[in-house]
Amino acid sequence: MIDPPVLDVSDVRIAFSGRKILDGVSFEIRKGEFTGLIGSNGVGKTTLLRIILGLQRPDSGEVRVLGAPRSSRSHSLGYVPQKVVLDADVPMRARDLVALGLDGHRFGFGRRSKHQRELVNEILHDVDAERFADSRVGNLSGGEQQRVLIAHALVSRPQVLLLDEPLANLDPKSVQEIVALLHKVSSEHGVAILLSAHEMNALLPVMDRIVYVTEGRAASGTTDEVVRSDVLSRLYGHHVDVLKLHGRVLVVAEPRPEADHLPDHPTLTVS
Amino acid sequence: MSLRRLLFEPGFFSSAPVHTAVLIGAVTAVVSAVVGVFTVVRSQSFAGHALTDIATTGGSGAVYFGVSPLAGFIGGGVAGGGMMDLIGVQRVRSRDLATGIVLGAATGLAALFLYLDATQSATTGVTQQILFGSIFTVSSSTIPIVAICSAVVLLLIGVIYRPLLLSSISPDLASVRGVGLRVVGLLFMLALAVAVGLSSIAIGSILSTALLIGPAATALRLTRSIRGAMVVACLLGIATTWLGVLLAYDSDYWDPSSQGLPVSFFIVAIAFLIYLLSGLAARRHVGRRNGDIPAKEACGLEDDTTSKAVA
């Protein structure tokens with residue numbers, strides 16, 4: 001029997017000052033699935049994630065988390081935002097930031113119980129962040145900070161983890177490490193993951209499903225179902241070729257005379 | 001005994017103004033330190049500075065209308081803080097702009113009130129008192145109201161501590177946890193306004209940011225947690241004000257012809273010196289810390305676990 005979806009996005013539409021950003025995006029995510037939300041910069045991936053989180057209201061359409069309409073205070077979603085700038089001048093240990101994932105919304109100073117401290121230690125262990133748990137977060141490397149932010153998002157044990165471009169600005173080695181960590185989180189802990197990225201190749205080995213967004217529309221399915229010439233051509237509204245070589249995928253657009261100097265449709269798009 | 005005489009000039013311990021100054025100095029130092037830590041973490045020093053100018057307006061206006069300067073400092077600050085929040089302090093980009101606009105308007109108004117105060121009382125003492133403070137002339141009858149305002153601010157910060165901290169680190173992380181950024185931001189702005197008002201009566205409205213930012217910035221350099229920074233900032237703040245009070249009192253005796261140097265000068269100078277010294281200490285501290293992290297080795301360790309995870 002198939003599990004019911006933990007996240008169900010249906011026909012979400014939103015426009016900003018008349019410009020359609022998302023124009024009928026639908027997809028489902030099930031328990032323990034690793035889903036890549038793929039699209040180039042500016043296609044509305046962040047907007048879509050914010051709508052799922054309840055931080056932004058769509059013009060129409062619905063988002064259901066665990067079968068229930070999303071309320072912004074539900075804690076079944078974990079979130080790692082894009083570009084969190086952690087200041088090296090702020091004396092906050094990695095462990096403190098993770099603990100705020102448990103109770104950062106609560107009033108008071110909050111003396112944490114033994115149980116809560118154990119939860120924090122457990123999650124720090126799970127993301128392999130124990131050895132820098134007592135360092136200032138601002139002094140950590142990009143990959144280490146990403147681990148701490150993932151721990152912050154996971155410590156309240158959400159069923160779905162949303163990550164907005166967590167691999168951008170990381171060196172290739174850190175990208176591999178973070179992808180492997182997230183794969184472990186989804187496969188071993190059963191957390192459904194929706195990760196946005198403008199580059200899909202690093203995710204190909206671990207992605208169960210892909211949601212490919214462009215021009216306000218999205219196609220979803222397994223990588224083999226979606227990353228195909230006919231599907232993506234329909235999505236882009238013009239012909240693109242999908243080339244696979246050495247386990248990597250290239251999405252290549254036909255050279256169009258009028259597209260010569262349009263940076264959002266380069267003649268060669270590596271995705 | 002001789003050392004005591006050397007450090008404390010005659011009458012220091014029996015002087016009523018000194019008692020008041022020591023008490024008010026300690027209380028305002030604690031409030032400034034606690035609020036100051038968040039002001040620095042939230043990068044709102046400029047808003048804090050603008051609030052001092054608004055407090056100047058409130059204080060000078062209060063004198064003109066015959067109300068207690070403390071009421072003017074705090075009332076002006078709270079009104080100005082609310083106005084800055086309305087214009088858009090919440091968004092980082094419009095924060096500077098809103099602060100600057102309110103600051104300019106308030107300072108202009110302060111110029112008017114200070115002029116009126118001075119012409120009305122035919123003395124420039126009022127201007128000096130509002131801008132640069134005079135903790136020795138604070139009446140002991142203001143102690144209860146100072147204590148109440150301080151308790152309210154400390155309680156407020158205690159209540160919103162965790163949401164305030166998380167939203168200061170990252171507004172995105174806070175809002176996804178259901179923290180009302182606007183409410184938390186406004187409440188903090190009010191706490192900041194009252195803190196500035198309190199430290200205005202101690203060291204003057206213009207200088208009050210020194211007590212707000214100095215000890216907090218120093219403590220943030222030297223500690224490993226926000227709570228630790230608050231404790232250290234409180235201790236530094238109290239030490240700074242008390243030492244300032246002592247030196248100002250003693251300065252009466254350094255030169256018999258003078259009337260003693262202003263206490264605000266000593267407090268601000270000490271806060272600044274401690275901050276400079278902490279820079280040296282922090283630099284050595286950081287150097288040591290960077291040295292003891294074997295980065296290469298740590299990464300090697302990580303390799304094993306990740307390759308296992310992929311398999």
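> So what exactly am I meant to see when it comes to the overall build of chain A here?
When its secondary structure is counted, chain A shows seven helices and 13 strands. Taken against the 2.2 N^0.38 rule, which gives 18 Å for 271 residues, the C-alpha radius of gyration of chain A at 19 Å falls within 12% of a compact globule. Seen along its three principal axes, the alpha-carbon backbone of chain A occupies a region of about 65 × 45 × 40 Å. For chain A, the proportion of its 271 residues judged to be buried stands at 52%. Within chain A, contacts between residues separated by at least 24 positions form 61% of all contacts whose residues are at least 6 apart in sequence. Taken as a whole, chain A presents about 12300 Å² of accessible surface, with 49% of it coming from carbon and sulfur. Where the 32 positive side-chain charges of chain A centre and where its 35 negative ones centre are 6 Å apart.

> Teacher, can you tell me more about the pattern of salt bridges here?
Pairing is possible between side chains of opposite charge, provided their charged atoms come close. For the coordinates displayed, the defined rule picks out 15 salt bridges over all chains. With its nearest N and O atoms 3.8 Å apart, the salt bridge here joins Asp172 of chain B to Arg50 of chain A. You can see Asp172 of chain B sitting in helix H9 (residues 171-176) and its partner Arg50 of chain A sitting in helix H1 (residues 45-53), one on each of two chains. Note on Asp172 of chain B: relative accessible area 28%, which makes it partly exposed. Members of the salt-bridge network, linked through shared partners, are Asp11, Arg13 and Asp23 of chain A.

> How should I be thinking about the domain arrangement of chain A in this particular structure?
In many reports, interface size means the accessible area that the parts give up when they come together. All names here are of chain A. Structurally, chain A comprises domain 1 (1-76 + 158-222) and domain 2 (86-157). In this structure, domain 1 and domain 2 have C-alpha centres spaced 24 Å apart. Surface buried jointly by domain 1 and domain 2 totals about 1200 Å² across both partners, of which 68% is contributed by carbon and sulfur atoms. Joining domain 1 to domain 2, the criterion identifies one salt bridge.

> Help me understand the interface of chain B and chain A, please; the structure alone is not making it clear to me.
Each partner contributes residues to the interface: chain B has 36 residues there, and chain A has 45 residues. Taken together, the connections running from chain B to chain A amount to one salt bridge. At the boundary of chain B with chain A, the tally comes to six residue pairs in polar contact (both at pLDDT 80 or more). Sort the elements by how many residues they give to the side of chain B that touches chain A and helix H14 (residues 295-310) of chain B lands first, with nine residues. The residue inventory of the side of chain B that touches chain A, partitioned by class, reads 19 nonpolar, eight polar and nine charged.

> Even after reading the chapter, I still don't get unusual backbone geometry, so can you show me in this structure?
The phi dihedral of Arg157 of chain A is positive, around 55°, even though this residue is not glycine. With respect to the helices and strands, the residue Arg157 of chain A is situated in the loop between helix H4 (142-154) and strand E7 (160-164). Judged by relative accessible area, Arg157 of chain A falls into the partly exposed class, the value being 40%. Although it is not a glycine, Ser43 of chain B sits at a positive phi angle of roughly 55°.

> Is there a simple way to think about the nonpolar core in this case?
Looking at soluble globular proteins, one finds that nonpolar side chains tend to be buried together. Leu97, Ile150, Leu161, Met200, Tyr212 and Leu232 of chain A together with Ile157 of chain B are the most contacted members of the largest nonpolar core, which totals 123 residues. Here this core takes eleven residues from helix H10 (residues 181-203) of chain B, the largest share from any one element.

> Explain the packing of aromatic side chains to me, please; I cannot follow it from the model alone.
Residue and element names in this part refer to chain B. A full pass over the atoms with the stated rule returns six aromatic pairs over all chains. Seen in terms of ring centroids, Phe38 and Tyr161 are 5.8 Å apart; in terms of plane orientation they differ by 80°. Their pairing is edge-to-face. In this pair, Phe38 is assigned in helix H2 (residues 16-41) and Tyr161 in helix H8 (residues 161-169), connecting sequence segments 123 residues apart. Each member of the pair Phe38 and Tyr161 is classed as buried. Each residue in the set Phe38, Tyr161 and Phe188 is aromatic and connected to the rest through ring pairs, giving one cluster. Across the ring face of Tyr275, the terminal group of Arg221 is positioned such that the distance to the ring centre comes to 4.0 Å.

> Please clarify how the packing of helix H3 (residues 45-64) of chain B against helix H4 (residues 69-87) of chain B should be interpreted in this entry.
For any two helices packed against each other, one specifies the inter-axial angle together with the distance between the axes. Residue and element names in this part refer to chain B. One way to put it is that H3 packs onto H4 with a least axis distance of 7 Å and a crossing angle of 135°. Of the possible angle classes, the one that applies to H3 and H4 is oblique. Note that H3 runs across H4; the crossing there is right-handed. Facing Ala47, Ala50, Leu51, Ile54, Ala55, Gly58, Gly59, Ala62 and Val63 of H3, the residues of H4 in contact are Pro69, Gly72, Phe73, Gly76, Gly77, Gly80, Gly81 and Met84. The residue inventory of the contact of H3 with H4, partitioned by class, reads ten nonpolar, seven polar and no charged.

> How should I be thinking about the pairing of strand E2 (residues 19-29) of chain A in this particular structure?
Consecutive side chains of a regular strand alternate in pointing toward one face of the sheet and then the other. Residues and elements named next belong to chain A. Pairing geometry for strand E1 (residues 7-16) and E2, over eight bridges, is antiparallel. When the sheet's bridge partners are listed, Arg13 is paired in E2 with Asp23. If you look at the hairpin formed by E1 and E2, you'll find two residues sitting between the two strands, and Ser17 has a positive phi there, around 40°.

> Please explain the sheet that holds strand E10 (residues 217-221) of chain A as it appears in this structure.
To summarise the sheet geometry, strands pair through backbone hydrogen bonds and adopt either a parallel or an antiparallel arrangement. Residues and elements named next belong to chain A. Pairing is mixed in the open sheet, where six strands are placed in the order E6-E7-E8-E3-E9-E10. Each having just a single partner strand, strand E6 (77-80) and E10 make up the two edges of the open sheet. Each neighbouring strand pair of the sheet contributes to a mean axis angle of 15°, computed without reference to strand direction. Pairing between strand E9 (residues 209-214) and E10: five bridges, direction antiparallel. The residue of E10 that forms the bridge with Tyr212 is Ala219. Here H4 sits on the sheet in contact with E6 and E7, set at roughly 160° to E6.

> What is the right way to look at the environment of Tyr64 of chain B in this model?
Residue and element names in this part refer to chain B. In this fold, Tyr64 is placed in helix H3. Measuring from C-alpha to C-alpha, the distance between Tyr64 and Ile169 comes to 42 Å, with 105 residues separating the pair along the chain. Sequence-distant contacts of Tyr64, defined by excluding residues within four places in its chain, comprise Phe113, Leu116, Asp117 and Gln120.

> It is not clear to me how the environment of Leu211 of chain B should be interpreted in this structure. Could you clarify?
All names here are of chain B. Secondary-structure assignment places Leu211 in helix H11 (residues 208-222). Exposure remark for Leu211: the relative accessible area of 1% places this residue in the buried category. Each C-alpha atom of the pair Leu211 and Ala271 lies 7.1 Å from the other, and the pair is 60 residues apart in sequence. Aside from chain neighbours lying at most four places away, what touches Leu211 is Thr28, Ala29, Ser32, Ser199, Ile203, Thr241 and Ile267.

> In this structure, what is going on with the sheet that holds strand E5 (residues 68-69) of chain A? I would like to understand it.
Spatially, E2-E1-E4-E5 (chain A) is the arrangement adopted by the four strands of the open sheet, whose pairing is antiparallel. This sheet does not close on itself; its edge strands, each paired only once, are E2 and E5 of chain A.

> Explanation requested: the side chain of Arg112 of chain A in the structure shown.
By secondary structure assignment, the location of Arg112 of chain A is in the loop between helix H2 (94-103) and helix H3 (114-126). Apart from the residues lying within four places of it in its own chain, the contact partners of Arg112 of chain A are Ala99, Leu100, Asp103 and Arg117 of chain A together with Arg162 and Arg227 of chain B.

The rules behind these values
- Residues numbered from 1 in each chain as written.
- Chains lettered and ligands numbered in written order.
- Predicted model: local features only at pLDDT ≥ 70, side-chain atom pairs only at ≥ 80, totals over all residues.
- Heavy atoms only, no water.
- Helix = DSSP H or I, 4+ residues; strand = E, 2+ residues; numbered from the N terminus.
- Rg over C-alpha atoms; globule rule 2.2 N^0.38 Å.
- Buried < 20%, exposed > 50% of the residue type's maximum accessible area, 1.4 Å probe, protein only.
- Contact = heavy atoms within 4.5 Å.
- Areas by Shrake-Rupley, 256 points an atom, 1.4 Å probe, with all protein chains shown as cover.
- Lys, Arg positive; Asp, Glu negative; His and termini not counted.
- Charge placed at Lys NZ, Arg CZ, Asp CG, Glu CD.
- Salt bridge = Lys/Arg side-chain N within 4 Å of Asp/Glu carboxyl O.
- Domains from an automatic or database assignment.
- Buried area = accessible area lost by both parts, 1.4 Å probe.
- Polar contact = N/O pair within 3.5 Å; in protein donor to acceptor, adjacent residues only side chain to side chain.
- Nonpolar A, V, L, I, M, F, W, Y, C, P; charged D, E, K, R; others polar.
- Core = buried A, V, L, I, M, F, W, Y, C linked by side-chain atoms within 4.5 Å.
- Phe/Tyr/Trp six-rings, centres within 6.5 Å; stacked < 30°, edge-to-face > 60°.
- Lys NZ or Arg CZ within 6 Å of the ring centre and 35° of its normal.
- Axes fitted to C-alpha atoms, helices over the stretch in contact; angles between N-to-C directions.
- Parallel < 35°, antiparallel > 145°, perpendicular 65-115°, else oblique.
- Left-handed = near helix turned anticlockwise from the far one by under 90°.
- Pairing = 2+ DSSP bridges.

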